[in-house]
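Here's the letter readout for the chains.
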Amino acid sequence: MTKETMIGIDLAKNVFQVHGASMSGQIKFRRKLTRQRFRRFMADQVPAMVVMEACGSAHYWAREMAKLGHEVRLIAPQYVRPFVKRQKNDAADAEAIVIAAQRPEMRFITPKAENQQARALLFRVRERLVRQRTELVNALRSVLYEFGHPTPPGIGHLKRIEAIIEADNSDLPELVRGECSDLLLQISEKTQRIETKAKQIGVLATQTDMARRLQTMPGIGPMSALAVEAFAPPMESFRRGRDFAACLGLVPRQHSSGGKERLGRISKAGQADIRRLLIVGAMSRLNWLGRKTISEKSWLSRMLARKPRMLVAIALANKMARMIWAMLTKGQDYQNPAEAAAA
């Protein structure tokens, strides 16, 4: 059934601005509502097209509006901004949301399910713990450097740092050794929590067919599979694998004009977590151990012979993204291109 009304909502913590208009753009109502009144107001409305910016709490309210019978669409804030008229306020933002949504070429974001948001939270918590541990390790290295003990970066050199602090003949002052030991204890606690989160991710990656299928591809493990499951839009929203790779920012930035194509560096636009993990997975296939599985006459082998390794890794990550799209849209496990061609 075609909806006759479009309702734009400018979300907030306590006060919501609502802008209702017909599909032709004629204004029907404007309301400023508290959180409690907003829910009741939307429950009283005839099922309509509800549009919101994809900001904080948007996915929650999208699920709540869907329960009330409304059709919900989310728009990226940068696509709404050009439609704000002169002065910026909540009413102007709500109106701009409706105007932007009525554009036939507008791109929308699919609302996330509750379990999808929960998996994204687990991923984010682990990433935050890793950053906090890195901060602690760097703080420890800086203290030792101030007292004449330079150490290389990386968590892999932690044993060397412990040996400097705990050595019987250490020249570090007792107070400094105590503070460094406290930092080591904090690092150990963070490491235990990171390992616990990693185990949780490993368990979750075995519970869905999507994550299991993704892990059949070389270079994709539980972490990458969970990231795709938690952050990637539905693959059906992309016409082809190249569009999904562009969504991840794995394509060159364009500066084309006058019929001439000018391609620059990788755009790095879009979902950064999936892009980073795909590049890390691609690099794992290009190290000394991963190269043993690369056929001599393959595309990857020819690229490695004439291009820098990092450039090849990004090109491989692009190809992996396109393969992910093909695997998920066709419902198939990974097939080696060489074996598939031979068959």
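You'll find the structure just up there.
These notes cover the structure that comes with them. (Residues numbered from 1 in each chain as written. Predicted model: local features only at pLDDT ≥ 70, side-chain atom pairs only at ≥ 80, totals over all residues. Heavy atoms only, no water.)

## Re the sheet that holds strand β5 (residues 71-75)
Paired through backbone hydrogen bonds, the strands of a sheet run either parallel or antiparallel to each other.
Stage number 1. With respect to topology, 5 strands assemble into an open sheet ordered β3-β2-β1-β4-β5, the strand pairing being mixed. Every other strand in the sheet has two partners, leaving β3 (27-34) and β5 as the edge strands with one partner each. Taken over all neighbouring pairs, the strand axes of this sheet differ in orientation by 20° on average, direction set aside.
Stage number 2. Direction of pairing for strand β2 (residues 15-22) relative to β3: antiparallel, over a ladder of 7 bridges. Across the sheet, residue Gln17 finds its bridge partner in β3, namely Lys32.
Stage number 3. Sheet strands in contact with helix α2 (residues 58-67) are β2, β4 (49-53) and β5, and its direction is about 165° off that of β5.
Stage number 4. Contacts between helix α4 (residues 90-101) and the sheet are confined to β1 (5-10), β2, β3, β4 and β5, with β1 contributing the most and set at about 135° to the helix. (Pairing = 2+ DSSP bridges. Helix = DSSP H or I, 4+ residues; strand = E, 2+ residues; numbered from the N terminus. Axes fitted to C-alpha atoms, helices over the stretch in contact; angles between N-to-C directions. Contact = heavy atoms within 4.5 Å.)

## A closer look at the packing of aromatic side chains
Stage number 1. Taken as a whole, this structure holds 7 aromatic pairs when the rule is applied.
Stage number 2. When the ring of Phe16 is compared with that of Phe38, the centres are 4.5 Å apart and the planes differ by 5°; the resulting orientation is stacked. Remark: Phe38 occurs in helix α1 (residues 35-44) and Phe16 occurs in strand β2; sequence separation between them is 22 residues. As far as burial versus exposure is concerned, Phe16 and Phe38 are alike and both buried.
Stage number 3. Between the aromatic rings of Phe123 and Phe231, the centroid separation amounts to 5.4 Å while the plane-to-plane angle is 75°, which identifies the pairing as edge-to-face. Taken together, the positions of Phe123 in helix α5 (residues 114-146) and Phe231 in helix α9 (residues 222-231) put the pair 108 residues apart, joining distant regions of the chain. (Phe/Tyr/Trp six-rings, centres within 6.5 Å; stacked < 30°, edge-to-face > 60°. Buried < 20%, exposed > 50% of the residue type's maximum accessible area, 1.4 Å probe, protein only.)

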